[in-house]
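Listed here are the chains, written in short residue letters.
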Amino acid sequence: MSTEDGEERQVPAEQAAALRRTLERVWPLVRRRHLFPELPSPRLGSSTSRVAMEIREKQITLNLDYAAEISRLIPAETVLTALLDHAVSHYTCCPWDLTTHLRLYARAKDILGDADQARKATDLFMDVVANTHAVKERQSPLPSLYRHAPRDHADEILCCLFENIWGMDLGAKDHRAEVRRLSAIPYLDKRRWPASLTRFIRGIRPLLEDAQAEAAQDQSGMGGHGFRQYRAEEIEQALREFAKEVDSPQKFVEIFEDIQNDLQASGHCDLEGMGYGKGCPVDANWLYYMKLAENYALPVKKIPMRDSGNLHPHSHRPWEIGQPVREVDPWSSFGKYLPGITQIWERREGEIFGVKEKTPDCLIIIDSSGSMVDPRARLSHAVLGAGCAADAYLRNDARVAVYNFSDAPAGGREHLPFTKSRALLYRVLCRYFGGGTALDLPEITGLVRDTEADIFLITDMQITNLDHTIARLSALHNRVTAVHVGKKPGALRFIKAAKRTPNISVFGVEKPADIPRIVLGSVRSYLAGGKAKKKIVEEPAYWSWTKVPPRRK
Amino acid sequence: MINPFEDFKDFQTEARALPLDRLAPAHDEAMAALTSGYTKLVEQEVKSLVWFVEHNRVIEAYTVACEVIRGLDYDGQHIEEFCYQLESGTAMPYLISGPAGIYISALCNHVPEDDMVLRLRHMQRQMHFLGYRLPHGKTLRIEGDTGNFTGAALNGGQLIVAGSSGDWAGAGMTEGKITIVKNCGRNTGEWMQGGEIWVGGRIHGLGRSVSGRIYQAGDPVTGRER
């Protein structure tokens, strides 16, 4: 607790205990008024800052010193209820989730240009919305708290605004000229929040500029709303949605860099999933494509493959009482458990006979020559499409390799061997060479020789040795999914040639909406006859338990 | 048996009535009225496909603007908001710079307030004809830059531009005072018949004024081409 002469002193133990007891009594009532939000019980803790509360991963921690100080002016119950109302309203009303928070912050950054000012403006706006919601919908005692809490200049103006829009006397100084523009904003209309924030910023811009000039404290009395208050799942989802909403990768990078420190401080270090972590600098470009690709799900057609090494049902043996029922074959006794009659599966390890449909590995060949879009500058459909393809194979437990090329024979290429690491894959996919376009065909055929790996080629078909490429790909037994970006003359040649080869499927992508139409490994001959179809007919697609299928040649 | 809803018997579901419930819809209503007025003016002006700045044309547009805003309930805050809405183009049909500026000037000239501030510093484009025919007893302060014909035909009012203005500032003004804190463009004070223009920065070119006084950084420059 700070005294008038500025010296710090501890809250007496009895008073702290009394406040904790009050908090325990008040919290169920607050939860009930807010219709039982799923939040952990709040805590009372000491803080070095003078803000009223901190929120980390949904855990509300009220500042003991602050609560004790205000409790001398108004009942402790009122103080704690008001603070909790404010905190809970952030979860139940504004910003509600990180997606909305990011959306508002991005709008503020667009208008203000400065990250600190944008953060402050967003915080103030969210405070006004959350408090107004609490006062209007939940009959919160927040006005009492605002009437007695210590205020800086920004809080004074907020109080004056609250007086205007709540119609209550909060004892604020007269700032009517400043708050006049802020008073007619529809704060509680969620659909209009972006437009309302724009108007709000226009009204408080002088205040923000003054605050920056005077290097005033960057948090309001209630505390700032950093991005570290969210959980990992929310961050995942928000980044995914934000990647879909922004116009360009730069915008995503700009906003991500602003919030990166907060996200890292919150301790989410799952680099594979999240794409960021402590002490690991992140190239936000590939994070953008990673999150954007998560919005699309491409289907992969499986192919008959050999399988070995796992436990597989092999034969029946009678089931007896006391044995686990998990392996019971329900067909053996028509759903009844009859000891000695009901059969149980015996599993065996080792190579099984026959084939089973599985997803093969995939080699992604991506063109990053000068004719392709630079993925750092604009949305590259090639990188997005390749990312979607990589995700589709990874989801099916297959491995993915990347061959990123420009003028490959001249050294303009990067090859990532088969891996299941998304982060590594996206790093290589987002590499941009920007040179000429030529494929090193012997090298590529060497990568897939003696494997059943699929090939996913994405390019604008402006390849110098396109005819040789077509001939080589046609000669392979691997399935090839070729995607052309845009409609260049080379694409027509490729489509024409692909009609004669059963293992190549061609798709065109001109906008992100075209990406879901790609079916990976969709070999035409599967549907319309040809080599691959013949293969399936000869070998049963699903092997039978009762008959031992012929060993695959 | 315990009633599980017993806890909620004193639960208040009714929302508290706040002044905000009245303020926000009133603002929206006023903005809708201003937009409707502008739409009427534009419908009138687009008939000739191309909008030229001609003396009669401007007078005619102003007359129509004054007619369409008659009876509207608005204030300076609404005018400022209207300027930003015009620029963003979300709620407006389209922005034609000339008629839009004349419409805003008509709104400023008929607003009940005598002193008005328009904070337009963060607008991406400048509006023309701001302060057109500003009458006696009115003071209009514009924060930000303005376009061409700022304070044209000023009619006794006081116009302060806290920024720069474009060409033809104060053209045809009869009386009043224009203060431009920064620079102004060419033909400043063209056909000016009275009043004063004070420019804090540099005047890029003077027009042929009939009467009145023009000052550049405190020095009288009337009649001298810079």
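Residues numbered from 1 in each chain as written. Chains lettered and ligands numbered in written order. Predicted model: local features only at pLDDT ≥ 70, side-chain atom pairs only at ≥ 80, totals over all residues. Heavy atoms only, no water.

Asker: Tell me about the overall build of chain B, and name the residues and values.
Answerer: What chain B contains, in helices and strands, is four helices and seven strands. Shown N-terminal to C-terminal, the secondary structure of chain B runs as helices and strands in the order α-α-α-α-β-β-β-β-β-β-β. If one aligns the C-alpha atoms of chain B with their principal axes, the spans along those axes are about 100 × 40 × 30 Å. Within the span of chain B, comprising 226 residues, buried residues form 47% of the whole. Sequence-distant contacts, at least 24 apart, represent 37% of the contacts inside chain B between residues at least 6 apart. Of the roughly 11,100 Å² that chain B leaves accessible, carbon and sulfur atoms contribute 50%. (Helix = DSSP H or I, 4+ residues; strand = E, 2+ residues; numbered from the N terminus. Buried < 20%, exposed > 50% of the residue type's maximum accessible area, 1.4 Å probe, protein only. Contact = heavy atoms within 4.5 Å. Areas by Shrake-Rupley, 256 points an atom, 1.4 Å probe, with all protein chains shown as cover.)

Asker: Give a description of the overall build of chain A that names residues and reports values.
Answerer: Scanning chain A from terminus to terminus reveals 20 helices and 13 strands. When the 553 residues of chain A are sorted by exposure, 54% land in the buried category. When contacts within chain A are restricted to residue pairs at least 6 apart in sequence, long-range pairs at least 24 apart make up 71% of them. Working note: accessible area of chain A is about 24,900 Å², and carbon and sulfur atoms make up 52% of it.

Asker: Residue-level account of the sheet that holds strand S1 (residues 115-119) of chain B, with values.
Answerer: Working definition: the strands of a sheet are paired by backbone hydrogen bonds and lie parallel or antiparallel to each other. Residues and elements named next belong to chain B. One open sheet accounts for seven strands, arranged S1-S2-S3-S4-S5-S6-S7; its pairing is mixed. A strand with exactly one partner marks an edge of an open sheet, and here the two such strands are S1 and strand S7 (219-220). Of the strand pairs in this sheet, strand S4 (residues 175-180) and strand S5 (residues 193-199) are connected by four bridges, and their pairing is parallel. Directly across from Lys177, in S5, lies its bridge partner Glu196. (Pairing = 2+ DSSP bridges.)

Asker: Let's hear about the pairing of S5(B): which residues, and what values?
Answerer: In this structure, S5(B) lies alongside strand S6 (residues 211-216) of chain B, joined through five bridges in parallel fashion. Bridge pairing links Gln193(B) to Ser211(B) in S6(B).

Asker: Before we move on, can you summarise the interface of chain A and chain B with the specific residues and values?
Answerer: With 29 residues of chain A in contact, the opposing surface of chain B contributes 27 residues. Taken together, both faces of the contact between chain A and chain B bury some 2,500 Å²; the carbon and sulfur share is 49%. Here chain A is connected to chain B by seven salt bridges. Where chain A packs against chain B, one counts twelve residue pairs in polar contact (both at pLDDT 80 or more). Tallying contributions element by element places helix H9 (residues 193-213) of chain A first for the side of chain A that touches chain B, with six residues. A class-by-class count of the residues in the side of chain A that touches chain B yields eleven nonpolar, seven polar and eleven charged. (Buried area = accessible area lost by both parts, 1.4 Å probe. Salt bridge = Lys/Arg side-chain N within 4 Å of Asp/Glu carboxyl O. Polar contact = N/O pair within 3.5 Å; in protein donor to acceptor, adjacent residues only side chain to side chain. Nonpolar A, V, L, I, M, F, W, Y, C, P; charged D, E, K, R; others polar.)

Asker: Got a sec to walk through the confidence of the model for chain A? Specific residues and values, please.
Answerer: Residue and element names in this part refer to chain A. Looking at chain A, pLDDT values average 80 and 83% of them are 70 or higher. Ranking the helices and strands of chain A by mean pLDDT puts strand S9 (residues 400-405) first, with 93, and helix H20 (residues 531-538) last, with 37. Overall, residues 1-8 carries pLDDT values under 50, and its contacts beyond four positions in sequence, including any with other chains, amount to 14 contacts. For the stretch residues 525-550, pLDDT sits under 50, and the model shows 36 contacts to residues farther than four places along the chain or on other chains. (pLDDT = per-residue confidence, 0-100.)

Asker: Mind laying out the layout of surface pockets, listing which residues take part and the relevant values?
Answerer: Within this model, the largest pocket holds a volume of roughly 700 Å³. Taken together, 25 residues make up the lining of the largest pocket; nearest its centre are Arg107(A), Ala195(A), Thr198(A), Arg202(A) and Ser88(B). At the level of elements, helix H4 (98-112) and H9 of chain A together with helix H1 (20-45) and helix H3 (76-88) of chain B are the ones that each hand at least two residues to the lining of the largest pocket. If one sorts the elements of the lining of the largest pocket by residue count, H9(A) sits on top with seven residues. A class-by-class count of the residues in the lining of the largest pocket yields eight nonpolar, eight polar and nine charged. (1 Å grid on protein atoms, 1.4 Å probe; cavity = no way out; pocket = protein on both sides within 12 Å on 5 of 7 lines; lining within 4 Å. Points joined across faces, edges and corners; volume = space filled by probe spheres on them.)

Asker: For the packing of helix H3 (residues 76-92) of chain A against helix H5 (residues 115-137) of chain A, give the residues involved together with the corresponding values.
Answerer: All names here are of chain A. At a minimum axis distance of 8 Å, the contact between H3 and H5 shows a crossing angle of 105°. With respect to H5, the axis of H3 lies roughly perpendicular. Contacts from Asp85, His86, Ser89, His90 and Thr92 of H3 reach H5 at Met126, Asp127, Ala130, Asn131, His133 and Ala134. In terms of residue class, the contact of H3 with H5 is built from three nonpolar, six polar and two charged. (Axes fitted to C-alpha atoms, helices over the stretch in contact; angles between N-to-C directions. Parallel < 35°, antiparallel > 145°, perpendicular 65-115°, else oblique.)

Asker: Give me the sheet that holds strand S8 (residues 362-367) of chain A: which residues, what numbers.
Answerer: Residues and elements named next belong to chain A. Across the sheet, six strands lie side by side as S10-S9-S8-S11-S12-S13; this open sheet has mixed pairing. At either end of the open sheet lies a strand with only one pairing partner, and these are strand S10 (413-419) and strand S13 (504-509). When the angles between neighbouring strand axes are averaged without regard to direction, this sheet yields 15°. Along the sheet face, helix H14 (residues 381-395) touches S8, S9, S10, strand S11 (454-459), strand S12 (480-485) and S13 and points at about 165° away from the line of S11.

Asker: Any details on the pattern of salt bridges? Residues and values, ideally.
Answerer: Oppositely charged side chains may form a pair once their charged atoms are brought near each other. Residue and element names in this part refer to chain A. In total, this model carries 35 salt bridges over all chains according to the counting rule given. A salt bridge links Arg422 to Glu294, with the shortest nitrogen-to-oxygen separation between them at 3.0 Å. Residue Arg422 is found in helix H15 (residues 422-429), and its partner Glu294 is found in the loop between helix H13 (284-293) and strand S4 (303-305); the two are separated by 128 residues along the sequence. Judged by relative accessible area, Arg422 falls into the buried class, the value being 15%. A salt bridge links Glu414 to Arg431, with the shortest nitrogen-to-oxygen separation between them at 2.5 Å. Remark: Arg431 occurs in the loop between H15 and helix H16 (441-448) and Glu414 occurs in strand S10; sequence separation between them is 17 residues. For Glu414, a relative accessible area of 21% translates into the label partly exposed.

Asker: Before we move on, could you go through the state of the cysteines and cite the residues and values that matter?
Answerer: Taken as a whole and assessed by the stated rule, the structure comprises zero disulfides over all chains. Free cysteine Cys388(A): the closest other cysteine sulfur is in Cys430(A), separated by 12 Å. In this structure Cys388(A) comes out as buried when scored by relative accessible area, which is 0%. In this structure Cys184(B) is a free cysteine whose sulfur lies 20 Å from that of Cys108(B), the closest cysteine sulfur available. (Disulfide = S-S within 2.5 Å.)

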